[in-house]
Amino acid sequence: MTQSLVVGAFLAALFYVLIPGPAFLALLGIGAGQGRKAGAFFVSGHLLGDLVWSTLALVAIVGAKTIGTFVFDLLGLLCGFYLAWIGWSAVTAKPKGDGKSLVTVDRPFRRGLIFGVTNPKGYPVALATFTALVAGSASALTFSALPLLLIVSFIGFITADLILISIIGASAVRRFYRAHERLIVRCSGVLFMGFAVQALWHATPGLLGWRRA
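The structure presented is a predicted model; accordingly, all values stated were derived computationally and were not measured.

**Student:** Just to check I follow, could you spell out a nonpolar patch on the surface for this structure?
**Tutor:** Nonpolar side chains collect at one region of the surface, where Leu148, Ile151, Phe154, Ile155, Ile158 and Leu162 lie side by side and expose about 520 Å² of accessible area between them. Structurally, the position occupied by Phe154 is in helix H7 (residues 146–167).

Laid out in structure tokens, this is it:
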């Protein structure tokens, strides 16, 4: 287990939660309309989905590494293109409606739980994000390292959730988001494209036979 692998798993979990997406926007809406307590319940429920998808992603990544480096590099290549597509879609996204109405959620914990587990983008985004940030330590990816990676990822999720809970619901945050929604979405797209470049950077040499021992 290398330090870069541990740090990569932590950052992957952190950015998986913090990078704006459907769940982030839903949390922002709940926090803005119902306060931090409701937002905290939502994110607590959503944590289960984060754990499920990240576990499946790490198992897939480690399994691909065990099968062979070619499969792992191919996985990284596909994830890189997927992240690039998400990033480009965000960068070129058009403004959404007026965004003035906020949805009131009666049971935010249940909403977060269902949202997290049923989100169809949860697995591919987790797979792509984790692949991008741990690909540089592919040689250290083994099933024996999986429990520690999951623990580190859980710490990353909790850290990200605490960050979100600490800022949602504030009037300043609500005003800032409404005033800069396009910029926030585009910046998140740039981050996804950065992850894409990193994934492609690690995957391409192996596929072309340029990887050094």
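**Student:** Just checking my understanding: could you explain the environment of Ser54 for this structure?
**Tutor:** Among the structural elements, Ser54 can be located in helix H3 (residues 36–67). A residue is classified by how much of its surface remains accessible, and Ser54, at 1% relative accessible area, is buried. The spatial distance from the C-alpha of Ser54 to the C-alpha of Tyr16 is 9.2 Å, given a sequence separation of 38 residues. Contact partners of Ser54, with chain neighbours within four places excluded, come to Ala126, Phe130 and Phe157. Here the side chain of Ser54 touches Leu51 through a polar contact of 3.1 Å, landing on its backbone oxygen.

**Student:** How should the confidence of the model for the protein be read in this particular structure?
**Tutor:** When pLDDT is averaged across the protein, the result is 76; 78% of the residues are at 70 or more. Ranking the helices and strands of the protein by mean pLDDT puts H7 first, with 88, and helix H2 (residues 22–34) last, with 72.

**Student:** Help me out: how do you make sense of the packing of aromatic side chains in this one?
**Tutor:** The description of an aromatic ring pair rests on the distance of the ring centres and on the angle between the ring planes. All told, the structure shown has 1 aromatic pair when counted by the stated rule. Summarising the aromatic geometry, the rings of Tyr16 and Phe157 are spaced 5.9 Å apart at their centres and angled 65° between planes, so their arrangement reads as edge-to-face. Of this pair, Tyr16 sits in helix H1 (residues 3–18) while Phe157 sits in helix H7, and the two are 141 residues apart along the sequence. For Tyr16, a relative accessible area of 14% puts it in the buried group.

**Student:** It is not clear to me how H7 should be interpreted in this structure. Could you clarify?
**Tutor:** A turn of α-helix holds 3.6 residues, and therefore any two residues three or four places apart point the same way. Between its first and last C-alpha, H7 extends 32 Å over 22 residues, near the 32 Å set by a 1.5 Å rise per residue. Here H7 has its buried residues at Leu146, Leu149, Val152, Ser153, Gly156, Phe157, Ala160, Asp161 and Leu164.

**Student:** Is there a simple way to explain the environment of Gly76 in this structure?
**Tutor:** Residue position: Gly76 is located in helix H4 (residues 69–91). Assessed through its relative accessible area of 5%, Gly76 is described here as buried. Considered as a pair, Gly76 and Thr129 are 53 residues apart in the sequence and their alpha carbons are 9.8 Å apart. The contact partners of Gly76, leaving out residues within four places of it in the chain, are Thr131, Ala199 and Ala203.

**Student:** Any chance you could explain the environment of Ile158 here in plain terms?
**Tutor:** Relative to the helices and strands, Ile158 is located in helix H7. For Ile158, a relative accessible area of 30% corresponds to the partly exposed category.

The rules we used
Residues numbered from 1 in each chain as written. Predicted model: local features only at pLDDT ≥ 70, side-chain atom pairs only at ≥ 80, totals over all residues. Heavy atoms only, no water. Patch = residues over 30% accessible without salt bridge, like charges linked within 9 Å, V, L, I, M, F, W, Y side chains within 5 Å. Areas by Shrake-Rupley, 256 points an atom, 1.4 Å probe, with all protein chains shown as cover. Salt bridge = Lys/Arg side-chain N within 4 Å of Asp/Glu carboxyl O. Helix = DSSP H or I, 4+ residues; strand = E, 2+ residues; numbered from the N terminus. Buried < 20%, exposed > 50% of the residue type's maximum accessible area, 1.4 Å probe, protein only. Contact = heavy atoms within 4.5 Å. Polar contact = N/O pair within 3.5 Å; in protein donor to acceptor, adjacent residues only side chain to side chain. pLDDT = per-residue confidence, 0-100. Phe/Tyr/Trp six-rings, centres within 6.5 Å; stacked < 30°, edge-to-face > 60°. Expected span 1.5 Å × (residues − 1).

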